[in-house]
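# Structural overview
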Amino acid sequence: MPAINRTRGKDPMKIGRVRAEEAAAKFRVPCFLAKALLVAALMIVYFFVVTSFFQGWQKAKFFDDLPDLVFATVSITLLCYVLCMKRSPGDKNLIIGLSLVSLTKLIEIPLQELQALTPGESLGLVFWEPPIIMLGLGFLFILQYFWERVK
Amino acid sequence: MNDILIYTLTEVLLGILVLWKACGYMVNKKKMAVFLPFYFVGATLLFHAGLTFCQVYFNLLWFGLEATYVLLMIWIAKTLMGVNYAAGR
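Reference entry: report on the structure contained in this document. (Residues numbered from 1 in each chain as written. Chains lettered and ligands numbered in written order. Predicted model: local features only at pLDDT ≥ 70, side-chain atom pairs only at ≥ 80, totals over all residues.)

### Here we look at the environment of Thr77 of chain A
Residue and element names in this part refer to chain A. Just so we agree on the cut-off: Helix and strand definitions here come from DSSP, where helices need a minimum of 4 consecutive H or I residues and strands a minimum of 2 consecutive E residues; each element is numbered from the N-terminal end. Note on burial: count the other C-beta atoms lying within 10 Å of the residue's C-beta; 20 or more is buried, 12 or fewer is exposed, in between is partly exposed, and C-beta positions come from the backbone. Our contact criterion uses C-beta atoms placed from the backbone: two residues qualify when those atoms are within 7 Å.
The topology assignment puts Thr77 in helix H2 (residues 62-84). Residue classification places Thr77 among the buried positions, given that 22 C-beta atoms sit within 10 Å. Measuring from C-alpha to C-alpha, the distance between Thr77 and Leu38 comes to 8.9 Å, with 39 residues separating the pair along the chain. In contact with Thr77, not counting residues within four places along its chain, are Lys35, Ala36 and Val39.

### Points about the interface of chain A and chain B
Test applied: Amino acid classes used here: Ala, Val, Leu, Ile, Met, Phe, Trp, Tyr, Cys and Pro are nonpolar; Asp, Glu, Lys and Arg are charged; the rest, including Gly, are polar.
Each partner contributes residues to the interface: chain A has 29 residues there, and chain B has 33 residues. Mapped onto the side of chain A that touches chain B, the elements with two or more residues apiece are H2 and helix H4 (125-149) of chain A. For the side of chain A that touches chain B, the element with the highest residue contribution is H4 of chain A, accounting for 13 residues. Residue composition of the side of chain A that touches chain B, grouped by class: 18 nonpolar, 5 polar and 6 charged.

### A closer look at the packing of helix H1 (residues 2-29) of chain B against helix H2 (residues 32-53) of chain B
Residue and element names in this part refer to chain B. As a reminder of what qualifies: Interaxial angle, 0 to 180 degrees, is taken between N-to-C directions of lines fitted to C-alpha atoms, where a helix line uses only the stretch in contact. Angles below 35 degrees are treated as roughly parallel, those above 145 as roughly antiparallel, those between 65 and 115 as roughly perpendicular, and all remaining angles as oblique. Each helix crossing is assigned a hand: it is left-handed if the near helix lies turned anticlockwise from the far helix by less than a right angle, otherwise right-handed if that turn is clockwise.
Put simply, H1 and H2 touch, their axes get as near as 8 Å, and they point 165° apart. What the angle tells us is that H1 and H2 run roughly antiparallel. Crossing geometry of H1 relative to H2 is assigned as left-handed. The residue makeup of the contact of H1 with H2, split by class, is 20 nonpolar, 5 polar and 1 charged.

These results come straight from atomic positions and should not be treated as a statement about function.
Structure, rendered in structure tokens:
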């Protein structure tokens with residue numbers, strides 16, 4: 001298929017802008033994917049490092065840890081995406097919310113491993129109350145961002 | 001038991017708060033699609049509270065619950081990325 005000449009009879013400044021926009025549209029998704037893959041790789045390293053302090057990765061609580069890792073990957077990738085976006089005053093809520101949510105999931109992984117060391121017993125209120133409050137507040141902050149932004 | 005009761009109560013309060021705000025925003029802004037994932041987040045928090053109160057930590061059930069959070073987060077991310085509200089589009 002022959003290439004379409006889009007530049008014929010156009011202002012040279014406009015041509016440059018159009019080309020820049022096309023390039024941006026082309027490279028936005030791969031950049032995002034690269035960020036996601038990098039964060040996922042870091043999360044896997046984090047999992048191995050954290051579990052090595054407890055019972056090792058072979059005896060980790062996979063049913064609890066895997067969704068937490070995916071959750072953290074999604075939220076941290078989104079945080080990177082938001083930080084790279086053009087900034088506006090309302091973005092603060094979104095950044096705080098995503099940070100709280102991702103921090104919650106990062107904290108929960110070692111706590112679950114610690115709890116696995118004491119079978120039949122929970123760690124107690126002091127350990128589990130802060131993460132759940134942070135998770136709820138994080139979602140409320142993200143909700144507040146949408147409330148301010150959606151017209 | 002006391003610990004679990006307080007934890008569950010906190011979670012129920014947060015769940016109801018998220019549900020209430022999501023419902024209010026859906027009605028006020030007349031935008032259901034944007035706030036719908038938060039409605040499910042509130043519902044999932046309440047479900048989480050129920051499972052914790054009954055001390056049901058079966059592997060598959062718990063995995064499913066955590067996976068629900070992940071799916072909801074992906075839904076929120078998709079909404080954020082599809083329409084860039086920050087750029088005013």
